[in-house]
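Architecture at a glance
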Amino acid sequence: MQEKEFRILVINPGSTSTKIGVFDNERSVFEKTIRHDADVIQSYKSIIDQYEFRKQTILETLDQEGINISKLSAVCGRGGLLRPIEGGTYRVNEQMLEDLRKGYAGQHASNLGGILAHEIASSLNIPAFIVDPVVVDELDPIARISGFALIERRSIFHALNQKAVARRVAKQLGKKYEELNLIVAHMGGGITVGAHKQGRVVDVNNGLDGEGPFSPERAGTVPAGDLVSLCFSGEYYREEIMKMLVGQGGLVGYLGTNDAVKVEKMIEAGNEKAKLVYSAMAYQVAKEIGAASAVLAGKVDAIILTGGLAYGKAFAKEIADRVNWIADVIVQPGENELQALAEGALRVLRGEEKEKVYPGNFTKAKVLQ
Ligand SMILES: Nc1ncnc2c1ncn2[C@@H]1O[C@H](COP(=O)(O)OP(=O)(O)O)[C@@H](O)[C@H]1O
Ligand SMILES: CCCC(=O)OP(=O)(O)O
């Protein structure tokens, strides 16, 4: 009997881009990365205000490619800042839409993934899903302790790509993901470094507005006391400070661009500041990898560098040169998110996996009351 064919539209809104793809079962028939200038993104007051702009961009792109959306079986978006949940494929429902619209756990472009998927799918009367959203939470209790009793550390990271790439590398190594200890550094608009201990991400920096290396558009960890002083200086509104940390932080704050390719050109043209800042970003990623190796007590099977920044050969080498004493460094540039979204939706459409209902009954361990 011939295998039933499902056509799935996948939507991955990132902080610097919107990536879309159309898959016939596992086979990609169209993929496109639409990059957005920092100026355009920053001109919107909030993430939800970008909704119409991103939707039009997607529909126009599909139209230009001659893709008829009426033939779709499902739409799947990257999941955003929801309540902490376990990994898997979730059907978009009203509670999820409400949480995405208000940004239950904060503001990030991925909040638009489920909303855009729902909007397109409901007009066609087909299901909308999200897969492995950025709030997947597998932290060990010890990793939740921040050192400041009023604040608990949170798991906000590139769960979808980190898990997909880790599985792919495990396969290449002839092992199961669940048998290995891996460190995965996803380096995109945000940067997250996860300690994957036998299939669970037991520690990872909150790459949105929490901590870790600075990134193309985020400040990462900043000296706490100085930040408090800035907040109470009377010179800035809360929103202005948040924008300086997320959106206008990192490379944007130092060099005025979120585009590492432009930064590489600046360096080639002899810009010393660009050279120092770009190197500092590599240095901070390496430091975070060192921290993750301590989490795994030095038992590390491989270190994986992935995300858009991993295309930068000199950048990846700079990191590898600092950490290759820990374990082999495997560079997997870009990300596998579109394929992972399509596969997550397919598993449910084929009945191989049950769709999960948001928010479910998953409650993260409350380590201290
Ligand atoms: N060939 C390349 N060399 C160096 N950096 C690159 C390359 N391609 C993309 N990048 C950089 O990767 C970053 C975006 O990564 P990406 O994973 O696409 O982010 P997001 O999904 O968060 O939008 C940008 O700074 C972009 O300039
Ligand atoms: C919120 C963590 C995921 C993240 O930073 O994604 P982008 O790099 O796409 O902004």
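Sequence order as written defines the numbering, with residues in each chain counted from 1. Chains carry letters and ligands carry numbers; both start at the beginning, A for chains and 1 for ligands, and go up in the order they are written. It should be noted that, the model being predicted, local features are given only for residues of pLDDT at least 70 and side-chain atom pairs only at 80 or more, the latter also being counted only at that level, while totals for whole chains, interfaces and linings use all residues. To get the side-chain values, all heavy atoms of the structure are used, and hydrogens and water are removed first.

The name given to the chain in an unreviewed UniProt entry is Probable butyrate kinase, and the organism recorded there is Paranoxybacillus vitaminiphilus. Comment text from UniProt for the chain, heading Sequence similarities (unreviewed entry), reads "Belongs to the acetokinase family." UniProt positions are given in the numbering used here, feature names are shortened, and annotations may be inferred rather than shown by experiment. Under Catalytic activity (unreviewed entry), UniProt gives the following word-for-word description of the chain: "butanoate + ATP = butanoyl phosphate + ADP".

**Here we look at the site of ligand 2**
Summary of the distance rule: residues count as near a molecule or strand when at least one heavy atom falls within 4 Å of that molecule or strand. Around ligand 2 lies a shell formed by Gly14, Ser15, Arg78, His108, Val134, Ile156, His158, Gly189, Gly190 and Arg218. His108 places a side-chain nitrogen or oxygen 2.7 Å from an oxygen atom of ligand 2. Distance and chemistry together define a polar contact, namely a pair of N or O atoms within 3.5 Å, with one atom able to donate a hydrogen and the other to accept it when in protein, and with adjacent residues in sequence counting only for side-chain atoms on both sides. In the model, an oxygen atom of ligand 2 is placed 2.5 Å from a nitrogen or oxygen of the Arg218 side chain. Summarising the interface, the protein chains cover 95% of the accessible area of ligand 2, which totals 310 Å² for the free molecule. Accessible surface area values rest on a Shrake-Rupley calculation with a 1.4 Å probe, where residue burial reflects the displayed protein chains alone.

**Details of the domain arrangement of the chain**
Residue ranges assigned to the domains are those given by an automatic or database domain assignment. Here the chain is partitioned into domain 1 (7–136 + 338–357) and domain 2 (159–334). For domain 1 versus domain 2, the distance between C-alpha centres works out to 24 Å. Contacts are assigned to residue pairs that have any heavy atoms within 4.5 Å of one another. Each partner contributes to the interface: domain 1 provides 18 residues, whereas domain 2 provides 14 residues. Buried area, as used here, totals the accessible surface that two parts lose on assembly, with accessibility defined by a 1.4 Å probe and the loss added over both. Here domain 1 meets domain 2 over a buried area of about 1,300 Å², counting both sides, of which 58% is carbon and sulfur. Definition used for salt bridges: Asp or Glu carboxyl oxygen within 4 Å of a side-chain nitrogen of Lys or Arg. Counting across the interface, domain 1 meets domain 2 through zero salt bridges. For helices the rule is a DSSP run of H or I covering at least 4 residues; for strands it is a run of E covering at least 2, with both sets numbered from the N terminus onward. Of all the secondary structure elements, the ones that give two or more residues to the side of domain 1 that touches domain 2 are α1 (38–42) and α13 (337–349). Considered class by class, the residues forming the side of domain 1 that touches domain 2 number eight nonpolar, six polar and four charged. The nonpolar class holds Ala, Val, Leu, Ile, Met, Phe, Trp, Tyr, Cys and Pro. Asp, Glu, Lys and Arg form the charged class, and all remaining residues, Gly among them, are polar.

**Things to note about the packing of helix α11 (residues 272–295) against helix α12 (residues 313–323)**
α12 packs onto α11 with a crossing angle of 40° between their chain directions and a minimal axis gap of 9 Å. On the basis of the axis angle, α11 is oblique to α12. Pair α11 / α12 crosses with right-handed handedness. Contacts from Tyr278, Ser279, Met281, Ala282, Tyr283, Val285, Ala286 and Ile289 in α11 reach Phe315, Glu318, Ile319, Arg322 and Val323 in α12. By residue class, the composition of the contact of α11 with α12 is 10 nonpolar, one polar and two charged. Between N-to-C directions, angles span 0 to 180 degrees; the directions come from axes that are lines fitted to C-alpha atoms, helices contributing only their stretch in contact. Roughly parallel means an angle under 35 degrees; roughly antiparallel means over 145; roughly perpendicular covers 65 to 115; every other angle is labelled oblique. Crossing handedness is defined as follows: a turn of the near helix away from the far one that is anticlockwise and smaller than a right angle gives a left-handed crossing, while the clockwise case is right-handed.

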